[in-house]
Amino acid sequence: MTTGTPAPFTAADYRARMERAARSAADAGLAGVLVAPGPDLVWLTGYHVPADTERLTLLVLAEGQEPTLVVPTLEAPDAAKAAGADAMTLRDWTDGKDPYAVAAPLLGARGATGRFGVSDNAWAMHLLGLQRTLPDTSYVSLTEALPMLRGVKDAAELERLAAAGAAADATYEEIRKTTFAGRKESDIARELADLLRQFGHSQVDFTVVGSGPNGANPHHEASDRVIQDGDMVVLDFGGLKHGYGSDTTRTVHVGEPTDEERRVHDIVREAQTAACDAVRPGIACQEVDRVARQVITDAGYGEYFIHRTGHGIGVTTHEPPYMIEGEEQPLVPGMCFSVEPGIYLPGRFGVRIEDIVTVTEDGGRRLNATARDLAIVG
Ligand code: ZN
Ligand code: ZN
Ligand code: ZN
């Protein structure tokens, strides 16, 4: 499983993204977009802020205006090294000065009464600082204002997501050969993380190993529990490769499963297959959730499917859009998201099956290809 390293994104790529964001904002009636450190900033500029800093870093985008990054003076050299640095102007501010006074003219240029989209993860402290400085401005969540800004992936992004998915698949193929019985969940989790890195991940975000009753907790942190013969084991792992996410789940069984364990696994697999098969352009996100939920409800386990069916994936492993009741956003070719129904029987065991799916003109295409039958492990 060797795939070449994709060509890095260039300043021109980032400029195109920033222009698109500014244009979409104008189309949505916004004066501009304010981007805080985090996934939006990484996607728009390639700039990974060195630490979760309390100092104001803010990218200001508005149509017809040069993209400008307000940045602390001491971090300006790092910002200048970002892949998208040549596509924007840096405006630094030094400790002791008012950073909002530095940012204000950039917002005022479009009229200080404007409404701005602001990154969901911007610190409240900074938003309050801007509001204090420009009391007639107003703000809306960027995800709410421009839900599809990062949601539709281009070919270069899809190539990275596919590579991350293939690496996660290779990880699963290796882990299912390992011995589970008699080992701690935390040992298997460490092995999963090592494998993800071995297959090219630069970052591991999670390695859920939920054995026996622990599998009934969807986000169980791997513990010191010793895995036993007869356990169901939920394995959910992912992270970033070449800057894009993987996230897959398979449930394995140690030794021969009972009829009930097989039946529950079959129901989840049927729900997952039906939901993946339902994916096509134009249907609402909530429809994917409904299809999976209907299968599980019809089988009598509806109350044990306790989470949404999926989430978007891109430069992060969890992002909009969400496959959840109430989400009416239509599917668009290029969108990528997880399809991960599950059944969780408290105190007993859990089953989840998860693949990343991308929307094409012809329907859904899975970016994970490992077998979805109940693997018997030792
Ligand atoms: Zn069992
Ligand atoms: Zn997952
Ligand atoms: Zn997921």
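Residues numbered from 1 in each chain as written. Chains lettered and ligands numbered in written order. Predicted model: local features only at pLDDT ≥ 70, side-chain atom pairs only at ≥ 80, totals over all residues. Heavy atoms only, no water.

Moving on: the packing of aromatic side chains. Tallied over the entire structure, the rule returns four aromatic pairs. Between Y301 and Y304, the aromatic rings sit 6.3 Å apart at their centres with planes inclined by 55 degrees, giving tilted as the arrangement. In this structure Y304 comes out as partly exposed when scored by relative accessible area, which is 26%. Taken together, the ring pairs connect F9, Y14 and Y244 into an aromatic cluster. Across from the ring centre of F9, 3.9 Å away, lies the NZ or CZ of R160, which sits over that ring. (Phe/Tyr/Trp six-rings, centres within 6.5 Å; stacked < 30°, edge-to-face > 60°. Buried < 20%, exposed > 50% of the residue type's maximum accessible area, 1.4 Å probe, protein only. Lys NZ or Arg CZ within 6 Å of the ring centre and 35° of its normal.)

In the first shell of the zinc ion (ligand 1), the protein supplies G230 (O), H253 (NE2), E261 (OE) and E261 (OE), at 2.0 to 2.4 Å from the metal. Taken together, the four donor atoms surrounding the zinc ion (ligand 1) define angles of 58 to 169 degrees at the centre, an arrangement classified as irregular. (Donors = N, O, S within 2.8 Å, 3.2 Å for Na, K, Ca; no water. Tetrahedral: all angles 85-135°; square planar, octahedral: opposite > 155°, others 65-115°.)

Turning our eyes to something else, we now look at the domain arrangement of the protein. With domains assigned, the protein is organised as domain 1 (11–145) and domain 2 (155–377). Taking the mean C-alpha position of each, domain 1 and domain 2 sit 35 Å from one another. Across the boundary between the two partners, domain 1 contributes four residues, which contact five residues of domain 2. When the two sides are added together, the surface that domain 1 and domain 2 hide from each other amounts to roughly 340 Å², 70% of it contributed by carbon and sulfur. Between E157 and R17 there is a salt bridge, with the nearest N and O atoms lying 3.8 Å from each other. Scanning the region where domain 1 abuts domain 2 turns up one residue pair in polar contact (both at pLDDT 80 or more). Grouping the amino acids of the side of domain 1 that touches domain 2 by side-chain chemistry returns two nonpolar, one polar and one charged. (Domains from an automatic or database assignment. Contact = heavy atoms within 4.5 Å. Buried area = accessible area lost by both parts, 1.4 Å probe. Salt bridge = Lys/Arg side-chain N within 4 Å of Asp/Glu carboxyl O. Polar contact = N/O pair within 3.5 Å; in protein donor to acceptor, adjacent residues only side chain to side chain. Nonpolar A, V, L, I, M, F, W, Y, C, P; charged D, E, K, R; others polar.)

This part takes up the coordination of the zinc ion (ligand 3). Those protein atoms acting as donors to the zinc ion (ligand 3) are D247 (OD), H311 (NE2), E340 (OE) and E354 (OE), and they sit at 2.1 to 2.2 Å. Seen from the zinc ion (ligand 3), its four donor atoms lie at angles of 83 to 163 degrees, and the figure they make is irregular. Spacing between the donor residues of the zinc ion (ligand 3) along the chain follows D-x63-H-x28-E-x13-E. Here the zinc ion (ligand 3) and the zinc ion (ligand 2) are spaced 3.0 Å apart, linked through D247, which binds each one. Taken together, the positions of D247 in the loop between β9 (244–245) and β10 (248–254) and E354 in the loop between β15 (349–352) and β16 (355–360) put the pair 107 residues apart, joining distant regions of the chain. Taken individually, D247 and E354 each receive the classification buried, so the pair is uniform in this respect. (Helix = DSSP H or I, 4+ residues; strand = E, 2+ residues; numbered from the N terminus.)

With that settled, consider the packing of helix α7 (residues 155–175) against helix α8 (residues 185–198). Each pair of packed helices gets described by two things: the angle between the helix axes and the distance between those axes. Packing of α7 against α8 leaves a shortest axis separation of 9 Å and a crossing angle of 135 degrees. Taken together, α7 and α8 sit at an angle that is classed as oblique. Between α7 and α8 lies a crossing of right-handed hand. Between α7, through A168, T171, E174 and I175, and α8, the contact on the second element is made entirely by I188, E191, L192, L195 and L196. Per-class residue counts for the contact of α7 with α8 are six nonpolar, one polar and two charged. (Axes fitted to C-alpha atoms, helices over the stretch in contact; angles between N-to-C directions. Parallel < 35°, antiparallel > 145°, perpendicular 65-115°, else oblique. Left-handed = near helix turned anticlockwise from the far one by under 90°.)

For strand β3 (residues 68–72), the buried fraction is high: five of the five residues fall into the buried class. Across the two faces of β3 the burial is the same, with T68, V70 and P72 and L69 and V71 all buried. Relative to β3, strand β2 (residues 58–61) runs antiparallel, the two being bridged by three bridges. Along β3, the bridge assignment pairs L58 with V70. (Pairing = 2+ DSSP bridges.)

Where β16 meets strand β17 (residues 363–366), four bridges bridge the pair, whose relative direction is antiparallel. Along β17, the bridge assignment pairs T358 with R365. In textbook terms, the turn of a hairpin is the stretch between consecutive antiparallel strands, and for β16 and β17 this stretch comprises two residues.

In the structure shown here, the tally under the stated rule is 20 salt bridges. Here R290 ties to E287 by a salt bridge, and the two come within 3.8 Å at their closest N and O atoms. With R290 and E287 both in helix α10 (residues 285–298), this residue pair falls three residues apart, about one helical turn. Linking D289 and R293 is a salt bridge whose minimum nitrogen-to-oxygen distance equals 2.8 Å.

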